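Listed below, chain by chain, are the residues.
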Amino acid sequence: MRYLRAALFVLGGALLGVLVASNDPPAILASITRLSWRLVVVLCFPITLVTLFDTLGWRFAFLHDRIAFRTLLSARLAGEAFNVTTATVGGEAVKVWLLRPHVPLDESVPAVVVAKTTITIAQGLFLLLGVALAATTMLAGSPLLHGMLWLVAIEVVAVAGFVLSQTSGVLGRGERLLGRLGMRGVTQTGILSRVDDGLVRFYREQPRRLALSIAFHFVGWLLGSVEAYLILRFLGVAVEPSTATVIEAFGTAVRFATFMIPASLGAAEGGYVVTFVALGLGPVAGVSFGLVRRVREATWAGIGLVVFALMQRRTPWSASVEPLSRTPDVEGTKVCK
C-alpha cells in the first residue's frame, strides 16, 4: 500500500503539472498574484473556525468529555498534517498515539472511528446540499450533476456499511480468529473487543453526542464554502454564495472518491477544473483556485507538524492510561471540559 500511495502521489503530481501547463500558466500566475496581502486572510480565515468546529465534532465522538479541548485541538492539527502528507488513515493513528497519556486506547480508538464516520456523514449531507443547489439553479441535467448523484449513492452505501461493521462486533470476532490461529500476542490484551464494546455503547447510549458530532462537522463543511467564496472573490471571479457552495461540495466529493491519493493531489484540481468549466467560469480560474487551496493546506500541514513535534517531546513513549473499569457511567467520571 505504501508503494501504491507513492505511485498515486507521483501520478497526481504529474496530473497537476499537466493542468497548469495546459491552461495558460502566465494567466494562472497573474490570477494568484492578484491575491497579494489577501492571501494572509485565506491562510487564517475561515480555516481557523473550521478547525475549531471539527475539533468539537471529534470531542462529541467520545463517550465522555475527559480531555481538555486544547489537547484535542493539538492532536487534531497534528493528525490532519499526516493525513495531508500521507493518506486519510495515517493521521488517525497519530491522533490515537498523541492521546495515550490522557485516555486509554479503548476510548480513543472508538472516538477516532466515530469521528471519521460523523465527518463523512456530514460531508454527504453537504454534498446533498450542493447537488440540490446545482439542480435547481445552474447545472440541471448536466453529466457532472449525474456523476455527483452517483457519488452520493456510493457514500450512503459506504457509510451504512461502515456503521454496520462498527455495531456488529467485527473487531472482536477478528480478535478471536487471530487467537485461534495462534497469534495470542496480538489478542492477549483484549483491546479489539473493548474497542468493539466502546463503539456499540456509543451508538446505543449517546444519540445526542452523535447528532452533535455530525452537526459540528457539518458547520465545518459549510465554512469551507465561505472560504471558497472568499478565494474566488480575491481571484477576481464574481460568484454567488450558492455557486461557491456547489464548488466546495463537489470538491469534497472528488476528495472522497480519490482518498487513496495523498491529499488527492492532482485529482482535486482536476475536479475543480471540470466543475468550473461546467459552471462557465473557465479552467484558468479552476486551476488558480486549486493552487491557492494547496498553499493554505500546506501552511496548516506545516503548523500541524510543528504541533506534533512539540507534543511528541512532552509525551513519553511509555505514557499510557489504564482502561476504566466497567462500572455504570456517572457524571462524576468527567475529568475536564
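Residues numbered from 1 in each chain as written. Predicted model: local features only at pLDDT ≥ 70, side-chain atom pairs only at ≥ 80, totals over all residues. Heavy atoms only, no water.

### Notes on the overall build of the protein
Secondary structure assignment for the protein yields 15 helices and zero strands. Element-wise, carbon and sulfur atoms account for 70% of the exposed surface of the protein, whose accessible area totals about 16100 Å². (Helix = DSSP H or I, 4+ residues; strand = E, 2+ residues; numbered from the N terminus. Areas by Shrake-Rupley, 256 points an atom, 1.4 Å probe, with all protein chains shown as cover.)

### Overview of the packing of helix 11 (residues 191-205) against helix 12 (residues 207-234)
Relative placement of two packed helices is described by the angle separating their axes and the distance separating the axes. Running from amino to carboxyl end, helix 11 crosses helix 12 at an angle of 90°, the nearest separation of the two axes being 5 Å. Relative to helix 12, the element helix 11 lies roughly perpendicular. Contact residues: helix 11 offers Phe-202, Tyr-203, Arg-204 and Glu-205, while helix 12 offers Pro-207, Arg-209 and Leu-210. A breakdown of the residues in the contact of helix 11 with helix 12 according to their chemical character gives four nonpolar, no polar and three charged. (Axes fitted to C-alpha atoms, helices over the stretch in contact; angles between N-to-C directions. Parallel < 35°, antiparallel > 145°, perpendicular 65-115°, else oblique. Contact = heavy atoms within 4.5 Å. Nonpolar A, V, L, I, M, F, W, Y, C, P; charged D, E, K, R; others polar.)

### Section: a nonpolar patch on the surface
Together, Phe-45, Leu-49, Leu-52 and Val-226 make up an exposed nonpolar region whose accessible area comes to about 270 Å². Tracing the backbone through its elements, the reader meets Leu-49 in helix 4 (residues 47-59). Look at Leu-49 and you get partly exposed, because its relative accessible area is 32%. (Patch = residues over 30% accessible without salt bridge, like charges linked within 9 Å, V, L, I, M, F, W, Y side chains within 5 Å. Salt bridge = Lys/Arg side-chain N within 4 Å of Asp/Glu carboxyl O. Buried < 20%, exposed > 50% of the residue type's maximum accessible area, 1.4 Å probe, protein only.)

### Let's talk about the packing of aromatic side chains
Evaluation of the coordinates by the stated rule reveals nine aromatic pairs. Here the aromatic rings of Tyr-272 and Phe-289 are separated by 4.9 Å at their centres, their planes lie at 85°, and the arrangement is edge-to-face. Of this pair, Tyr-272 sits in helix 14 (residues 267-278) while Phe-289 sits in helix 15 (residues 283-314); the two residues are 17 residues apart in sequence, bridging distant segments of the chain. Grouping residues by exposure puts Tyr-272 and Phe-289 together as buried. Ring geometry for Phe-276 against Phe-289: centres 5.6 Å apart, planes inclined by 40°, an arrangement best described as tilted. With Phe-276 in helix 14 and Phe-289 in helix 15, this pair connects stretches of sequence that are 13 residues apart. Residue classification places Phe-276 among the buried positions, given a relative accessible area of 0%. Among the aromatic residues, those joined into a cluster by ring pairs are Phe-53, Phe-60 and Phe-216. (Phe/Tyr/Trp six-rings, centres within 6.5 Å; stacked < 30°, edge-to-face > 60°.)

### Observations concerning the nonpolar core
Judged by nonpolar contacts, the single largest core of 33 residues is most densely connected at Leu-127, Met-148, Phe-250 and Phe-289. Elements represented by at least two residues in this core include exactly helix 7 (105-136), helix 8 (143-167), helix 12, helix 13 (241-257), helix 14 and helix 15. With seven residues, helix 13 is the largest single contributor of residues to this core. When neighbours within four sequence positions are excluded, Leu-127 is seen to be in contact with Met-148, Leu-151, Val-152, Glu-155, Ala-249, Phe-250 and Ala-253. Counting 31 residues, the second-largest nonpolar core is a separate cluster that includes Trp-58, Leu-77, Leu-98 and Ile-191. (Core = buried A, V, L, I, M, F, W, Y, C linked by side-chain atoms within 4.5 Å.)

### Re unusual backbone geometry
That bond from Phe-45 to Pro-46 is cis: its omega, 0°, falls within 30 degrees of zero. Structurally, Pro-46 is set in the loop between helix 3 (38-44) and helix 4.

### With respect to the confidence of the model for the protein
Note that predicted coordinates carrying low pLDDT should not be read in detail. Overall, the predicted model of the protein reaches an average pLDDT of 84, with 85% of residues at or above 70. Contacts from residues 177-188, a stretch scored under 50 in pLDDT, to residues over four places away or in other chains number six contacts. Counting interchain partners and residues more than four positions distant, the pLDDT-below-50 stretch residues 324-337 has 21 contacts. (pLDDT = per-residue confidence, 0-100.)

### Thoughts on the packing of helix 7 against helix 11
Across the interface, helix 7 lies against helix 11 with an axial gap of 8 Å and an inter-helix angle of 50°. As far as their axial angle goes, helix 11 and helix 7 are oblique. Relative to helix 11, helix 7 is oriented so that their crossing is right-handed. Along the contact surface, helix 7 presents Leu-105, Asp-106, Val-109, Pro-110, Val-113, Val-114 and Thr-117, while helix 11 presents Ile-191, Arg-194, Val-195, Gly-198, Leu-199, Phe-202 and Tyr-203. (Left-handed = near helix turned anticlockwise from the far one by under 90°.)

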